[in-house]
Amino acid sequence: MSQPPVYATREDVMRALDSKLTARNAAQIDRALQSASRDIEALCHRTFYPEQAERSWDWPDSQQRPSWRLWLES
């Protein structure tokens, strides 16, 4: 599975720090970007990128309650 997107690029960070790219600091910056992006999502209780997923919720048992229909228009 791929990593979720980050909200800045490595190049943006390098430009802001006025630093040269090395293998070591590239890995550190990538980890910091991932961590900061997940922290932003946790703080806001949401994500800021489109996601295609299937979700399911419990539905009342038809023997206990009447049947319901949910129409979603596309």
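Check the entry above for the structure.
Note that the coordinates shown come from a computational prediction; the quantities given were computed from them, not determined experimentally.

Enquirer: Kindly report on the side chain of Ser37, identifying the contributing residues and their values.
Expert: Of note, Ser37 is situated in helix 2 (residues 23–44). When its relative accessible area of 3% is taken as the criterion, Ser37 is described as buried. Within polar-contact distance, the side chain of Ser37 engages the backbone nitrogen of Tyr7 at 3.2 Å. With sequence-adjacent residues up to four places away left out, Ser37 is seen in contact with Pro5, Val6 and Tyr7.

Enquirer: I'd love a proper account of a nonpolar patch on the surface, names of residues and values included.
Expert: Nonpolar side chains collect at one region of the surface, where Tyr7, Ile40 and Phe48 lie side by side and expose about 260 Å² of accessible area between them. Within the secondary structure, Phe48 is located in the segment after helix 2. You can call Phe48 partly exposed: its relative accessible area is 41%.

Cut-offs used in this document
Residues numbered from 1 in each chain as written. Predicted model: local features only at pLDDT ≥ 70, side-chain atom pairs only at ≥ 80, totals over all residues. Heavy atoms only, no water. Helix = DSSP H or I, 4+ residues; strand = E, 2+ residues; numbered from the N terminus. Buried < 20%, exposed > 50% of the residue type's maximum accessible area, 1.4 Å probe, protein only. Polar contact = N/O pair within 3.5 Å; in protein donor to acceptor, adjacent residues only side chain to side chain. Contact = heavy atoms within 4.5 Å. Patch = residues over 30% accessible without salt bridge, like charges linked within 9 Å, V, L, I, M, F, W, Y side chains within 5 Å. Areas by Shrake-Rupley, 256 points an atom, 1.4 Å probe, with all protein chains shown as cover. Salt bridge = Lys/Arg side-chain N within 4 Å of Asp/Glu carboxyl O.

All we've got here are geometric facts, nothing functional implied.
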